[in-house]
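Notes for the structure review
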Amino acid sequence: MSEIEKYIAPEEVAEAVEALGTGGVTIVAGGTDLTPQINEGRCHYEPTLMNIQRIEELNRISLTDGEIRIGCLATVSEIWYNDIIIEHADILCQTANCFASDQIRNAATIGGNICNASPAGDMIIPLLVLGASVELASWKEGAMEIRREPLDKFFKGPGKTIRNENELLVAVIFDKPSADFIGQFRKSGPRPALEISTVTVGIGGDLKDGKLENVRVAFGAVGPTPLRGKATEVALEGQILTEDIISNAAAAAQKDASPIDDIRATTWYRNHLIAVFTEELLNNVC
Ligand SMILES: Cc1cc2nc3c(=O)[nH]c(=O)nc-3n(C[C@H](O)[C@H](O)[C@H](O)COP(=O)(O)OP(=O)(O)OC[C@H]3O[C@@H](n4cnc5c(N)ncnc54)[C@H](O)[C@@H]3O)c2cc1C
């Protein structure tokens, strides 16, 4: 285990990104993933520990020009009680309601949930349903450079993403959903919250004249990364949610998923749940 040689707590994004560019930096936001991982020896500190909590602009949630932007430091609690999110993206509130305890929700940030890249990261599922992208900032030739990447291309495997070590995830962004948008989230586990998910399902789309359009489906804890349910989306796109369409979608969901056996659930049980939850959510909206 390496020792921390230096602690920094920048107040500006540019300052943080410049520091990251020098290398050997561990970023800490809420610390709710990092601290247990360090304590259990699953990762180690780099020589510099950078606390980003003092960068005020990174916890803002805004709606500008039809785009909703959530700063990386917005906590699960702040997202849950934010008026913009309540009005336009309630699926995030549904998820926050199933997330950990009050204490953890008050510390856990959206940026940390995404960058930790757990296949069971709960907040990632509604963000995939909302078609979100992430903004990654780095320091190049004396100035800050920002790239935007779709969230569904961000994850590479458990704990692995396309983010380079010199990049700070500054925000997650998505288009304001239309007035017809409906989004539904479901999480399993022996308890409704304070539980690492065994299966999560998110479904969203515009419900017009009984038909579901612009459908996005996402699944958690049923593959090496949180994933889009492409076969399920095809089964649902432009369809009226009849009994047959719903059972086709449930079968497609099982094709999209590739769960494993682990200490929390068997492959069989996860495959069963994914179909049951898909059916349940679709029955809720029709
Ligand atoms: C008791 C308990 C219950 C939990 N329950 C749930 C749950 O129900 N659902 C769930 O999904 N998770 C749960 N978690 C996990 C954790 O709370 C979340 O993943 C949380 O969102 C992580 O955010 P954080 O700010 O604490 O991240 P941190 O621990 O500070 O950071 C996590 C990782 O991301 C990196 N990082 C953080 N911010 C950035 C950034 N802006 N740019 C680049 N890298 C960054 C850090 O370097 C670190 O590697 C639980 C944890 C605990 C301890």
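Just so we're clear, the structure is a prediction, and the values are computed from it rather than from any experiment.

Our focus in this paragraph is the site of the ligand. Surrounding the ligand, one finds 29 residues, the nearest of these being Ile-27, Thr-32, Asp-33, Leu-34 and Thr-109. Contact between the ligand and Ile-27: an oxygen atom at 2.6 Å from a main-chain N or O atom of the residue. Interatomic distance of 2.8 Å between a backbone N/O atom of Gly-31 and an oxygen atom of the ligand. Contributing elements (two or more residues each) for the shell around the ligand: strand E2 (25-28), helix H6 (102-107), helix H7 (110-116) and strand E10 (168-175). Tallying contributions element by element places H7 first for the shell around the ligand, with five residues. Classifying every residue of the shell around the ligand by side-chain character gives 15 nonpolar, nine polar and five charged. Counting residues domain by domain, the shell around the ligand receives three or more from each of domain 1 (6-51) and domain 2 (56-175).

Further remarks concern the nonpolar core. Residues Ile-70, Leu-92, Ile-114 and Leu-151 are the most contacted members of the largest nonpolar core, which totals 55 residues. In contact with Leu-92, other than residues within four places in its own chain, are Ile-70, Ile-79, Ile-85, Met-123, Pro-126, Leu-127, Leu-130 and Phe-174. Core analysis: the next-biggest nonpolar cluster, separate from the first, contains 24 residues, Val-199, Val-201, Val-215 and Ala-235 among them.

Right, let's talk about the pattern of salt bridges for a bit. Using the criterion set out here, one finds 14 salt bridges in the structure. The salt bridge involving Arg-148 is made with Glu-135; its shortest N-O contact spans 3.2 Å. Linking Arg-148 in strand E7 (residues 143-150) with Glu-135 in strand E6 (residues 133-140), this pair joins segments that are 13 residues apart in sequence. Several salt bridges converge on common partners, so that one network encompasses Glu-67, Arg-69, Glu-135 and Arg-148.

Turning our eyes to something else, we now look at the sheet that holds strand E3 (residues 48-51). The pairing of strands in a sheet comes from backbone hydrogen bonds and takes either a parallel or an antiparallel form. Spatial strand order, E1-E3-E2: three strands in an open sheet with parallel pairing. Edge strands, defined here as strands with exactly one partner in the open sheet, are strand E1 (6-8) and E2. Going across the sheet, the axis of each strand differs from the next one's by a mean of 20°, ignoring polarity. The pairing of E1 with E3 spans three bridges and is parallel. Bridge pairing in E3 links Lys-6 to Thr-48.

For the rest of this paragraph, the subject is helix H10 (residues 243-256). Here H10 spans 20 Å end to end across 14 residues, near enough to the 20 Å set by a 1.5 Å rise per residue. Those residues of H10 lying buried are Ile-245, Ile-246, Ala-249, Ala-250, Ala-252, Ala-253 and Asp-256. Along H10, the residues classed as buried sweep out an arc of 165° about the axis, all on the same side. Away from its buried face, by an angle of more than 90 degrees, H10 presents the exposed residues Glu-243, Asp-244 and Lys-255.

Segmentation of the protein into domains returns domain 1 (6-51), domain 2 (56-175) and domain 3 (183-285). Measuring from the centre of the C-alpha atoms in domain 2 to the corresponding centre in domain 3 gives 21 Å. Each side of the interface is counted separately: domain 2 has 24 residues, and domain 3 has 26 residues. Counting each side, the surface lost to burial between domain 2 and domain 3 is near 1,800 Å², with a carbon and sulfur contribution of 66%. The largest contributions to the domain 2 side of the interface with domain 3 come from Pro-119, Ile-125 and Val-129, which together make up 29% of the buried area. Counting every contact that joins domain 2 to domain 3 gives two salt bridges. One salt bridge connects Lys-187 with Asp-122, and the closest N-O pair in it is separated by 2.5 Å. If you look at where domain 2 meets domain 3, you find seven residue pairs in polar contact (both at pLDDT 80 or more). Sorting elements by how many residues they give to the side of domain 2 that touches domain 3 places helix H8 (residues 124-129) first, with five residues. Split by residue class, the side of domain 2 that touches domain 3 holds 14 nonpolar, seven polar and three charged.

The rules behind each value
Residues numbered from 1 in each chain as written. Predicted model: local features only at pLDDT ≥ 70, side-chain atom pairs only at ≥ 80, totals over all residues. Heavy atoms only, no water. Near = heavy atom within 4 Å. Polar contact = N/O pair within 3.5 Å; in protein donor to acceptor, adjacent residues only side chain to side chain. Helix = DSSP H or I, 4+ residues; strand = E, 2+ residues; numbered from the N terminus. Nonpolar A, V, L, I, M, F, W, Y, C, P; charged D, E, K, R; others polar. Domains from an automatic or database assignment. Core = buried A, V, L, I, M, F, W, Y, C linked by side-chain atoms within 4.5 Å. Buried < 20%, exposed > 50% of the residue type's maximum accessible area, 1.4 Å probe, protein only. Contact = heavy atoms within 4.5 Å. Salt bridge = Lys/Arg side-chain N within 4 Å of Asp/Glu carboxyl O. Pairing = 2+ DSSP bridges. Axes fitted to C-alpha atoms, helices over the stretch in contact; angles between N-to-C directions. Expected span 1.5 Å × (residues − 1). Arc of directions from axis to C-beta. Buried area = accessible area lost by both parts, 1.4 Å probe.

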